[in-house]
Amino acid sequence: MEKDYKELRKKFCELYGGSEEELRIFSGPGRVNLIGEHIDYCGGFVFPAALSLDSTVIARANKDNTLRMAATDLPVKVEVRLDNLISGKTLSWGNYQAGVAYMLQNAGYKLVGVDMLFHDTVPLGSGLSSSAAIELAAAVALVTLGNEAHGINKPVDLVEMAVLSQKTENEFCGVNCGIMDQFASAMGKKDHAILLDCSTLKYEYLPLKLEGYKIVLGNTRKKRSLGESKYNERVAECAEGLEILKKYLPEKKNLCSITVEEFERYKSRIQNEVIRKRATHVIYENDRVLKAVEALRKNDIPELGRLLVEANASIRDLYQVTGKELDVMTAEAMKVEGVLGARMTGAGFGGCTVNIVPEDMLGRFMEQVGKNYREQTGIVPQFHVSAIGDGAREIKPEL
Ligand code: GLA
């Protein structure tokens, strides 16, 4: 279903009763990461942008101290009481929302019961952060309505919403993810990418103007689930690499604070080849992000594309989180005339690619990559020409 707010409001009233007047609409976007993969949890630089694909929630405060949740693509409603949010861990769905509420409450936010209807346009499990989108939409809705119900008049602190949403993933859902997705969803800005230093949360917006080119997302439609152990395994491998290097560089607090030169001096001390490969990816990827940002500032799109290709080789060969579908899609993308760069985006193990494609080759790109990908994998892919949108917020559509 497309995003049709009128339709969603009507559906809300069918589900929960009451009139449309008090309904509020909140949005949390998905994100694409241009470069800087699997280094946010190592204190690195990342370069994501929020998408116009989002999780929308229609919401209304209730007097029952209960979060009630419905979704346009799910048959069952779920609910959890505000005085027992921890039990939200075992809901059949809605765990992210319950987790966010739990973290907000623990951080001192005063919540109110809310009836909610979720509608997602971020394809689930596609590497575009559908979970961060849900978390941020829920966080902004819960804090806005909670504050209003308690007569608290202050703006929603979006950076804190990102931090608490990451905490939800880590402590409520068991995924040791970094801050990138939640930050991008919270702080996105239309037509801009965000250069984020994950060790300090300092950030800068850069206009994402690629004259003559478009950013195309290629969905392999090979589903991945972040909960799978592989993600946490990579996080642990990086921690192990850091422990070894700290013997020689004791002042370093995270892998990304080690320079390329320092790493080259000490990398042979990491005897386990797998750990050395992971650390090599992280150190060089961090360096590449800054080079990519410089290329974008100089409007050197071919250099940006070259760095994307280099990053993809690194995440494929050294970090080993791609897999057949992503590899076929990126290889086929680079065969299309004029394409400057292609790489996987997000956690990997399936999901999406990000591609820099000449504007006049968009049709050809989708046709050729689509056909060759389907022939080699048996899966029909999807493509989106990505629109870079704003971060999480309340939506006030003209009705
Ligand atoms: C997932 C995680 C992020 C980040 C990426 C890989 O999207 O949620 O924190 O680690 O994978 O860059």
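Residues numbered from 1 in each chain as written. Predicted model: local features only at pLDDT ≥ 70, side-chain atom pairs only at ≥ 80, totals over all residues. Heavy atoms only, no water.

If you check an unreviewed UniProt entry, the protein chain appears there as Galactokinase from Ruminiclostridium hungatei. Taken verbatim from the UniProt record of the protein chain, the Sequence similarities (unreviewed entry) comment is "Belongs to the GHMP kinase family. GalK subfamily." UniProt, in the comment section headed Catalytic activity (unreviewed entry), describes the protein chain in these words: "alpha-D-galactose + ATP = alpha-D-galactose 1-phosphate + ADP + H(+)". (UniProt positions renumbered as here; feature names shortened; annotations may be inferred.)

### A look at the sheet that holds strand β1 (residues 24–33)
Reading across the sheet, the six strands line up as β5-β4-β6-β3-β1-β13 and stay open at both edges, with mixed pairing between neighbours. Lying at the two open borders of the sheet, with one neighbouring strand each, are β5 (78–81) and β13 (393–395). Taken pair by pair, the neighbouring strands of this sheet meet at an average axis angle of 30°, ignoring direction. Pairing of strand β3 (residues 48–61) with strand β6 (residues 114–120) involves seven bridges; the strand directions are antiparallel. Bridging across to β6, Val57 finds its partner in Phe118. Of the strands in this sheet, β1, β3, β4 (66–71), β6 and β13 are in contact with helix α3 (residues 130–149), which crosses β1 at around 150°. Running over the sheet, helix α5 (residues 180–187) touches β1 and β3 and is turned about 130° from β1. (Pairing = 2+ DSSP bridges. Helix = DSSP H or I, 4+ residues; strand = E, 2+ residues; numbered from the N terminus. Axes fitted to C-alpha atoms, helices over the stretch in contact; angles between N-to-C directions. Contact = heavy atoms within 4.5 Å.)

### Some words on the packing of aromatic side chains
By the definition in use, this model includes seven aromatic pairs. Relative to Phe172, the ring of Tyr102 lies with its centre 5.5 Å away and its plane at 45°, an arrangement referred to as tilted. Residue Tyr102 is found in helix α2 (residues 95–106), and its partner Phe172 is found in helix α4 (residues 158–172); the two are separated by 70 residues along the sequence. Note on Phe172: relative accessible area 7%, which makes it buried. Measuring from ring centre to ring centre gives 5.5 Å for Tyr203 and Tyr205, while their planes differ by 75°; the resulting arrangement is edge-to-face. (Phe/Tyr/Trp six-rings, centres within 6.5 Å; stacked < 30°, edge-to-face > 60°. Buried < 20%, exposed > 50% of the residue type's maximum accessible area, 1.4 Å probe, protein only.)

### So, the site of the ligand
Around the ligand, the structure places 13 residues, and the nearest of them are Glu37, His38, Asp40, Asp181 and Tyr231. Here an oxygen atom of the ligand and a side-chain polar atom of Asp40 are 2.5 Å apart. Bound to the protein, the ligand loses 98% of the 310 Å² it would expose on its own. (Near = heavy atom within 4 Å. Polar contact = N/O pair within 3.5 Å; in protein donor to acceptor, adjacent residues only side chain to side chain. Areas by Shrake-Rupley, 256 points an atom, 1.4 Å probe, with all protein chains shown as cover.)

### Brief notes about the nonpolar core
Phe47, Leu67, Leu104, Met116 and Leu255 are the most contacted members of the largest nonpolar core, which totals 109 residues. The greatest single-element share of this core, amounting to 11 residues, is contributed by α3. Sequence-distant contacts of Phe47, that is, excluding residues within four places in its chain, are made with Asn33, Leu34, Ile35, Ala193, Ile194, Leu195, Leu206, Val289, Val293 and Leu296. Counting 14 residues, the second-largest nonpolar core is a separate cluster that includes Met329, Val339, Ala342 and Val369. (Core = buried A, V, L, I, M, F, W, Y, C linked by side-chain atoms within 4.5 Å.)

### Some words on the UniProt feature "binding site: substrate" (unreviewed entry) in the protein chain
Residues annotated in UniProt with the feature "binding site: substrate" (unreviewed entry) correspond here to Glu37, His38, Ile39, Asp40 and Tyr231. Annotated residues spanning 195 residues; largest pairwise C-alpha distance 12.6 Å, indicating a single compact cluster. Relative to the helices and strands, Glu37 resides in the loop between β1 and β2 (45–46). Apart from the residues lying within four places of it in its own chain, the contact partners of Glu37 are Met180, His281, Glu285, Ile315, Arg343, Met344, Thr345 and Gly346. Residue placement: Ile39 occurs in the loop between β1 and β2. Setting aside anything within four residues of it in sequence, one finds Ile39 in contact with Gly44, Phe45, Val46, Cys256, His281, Val282, Glu285, Asn286 and Val289.

### What about the pairing of strand β9 (residues 213–219)?
Most of β9 is tucked away: five of the seven residues are buried. Pairing between β9 and strand β11 (residues 352–358): seven bridges, direction antiparallel. Each bridged residue has a counterpart across the sheet, and for Tyr213 the counterpart in β11 is Pro358. Direction of pairing for β9 relative to strand β12 (residues 382–385): antiparallel, over a ladder of four bridges. Opposite Leu217, over in β12, you have His384 as the bridge partner.

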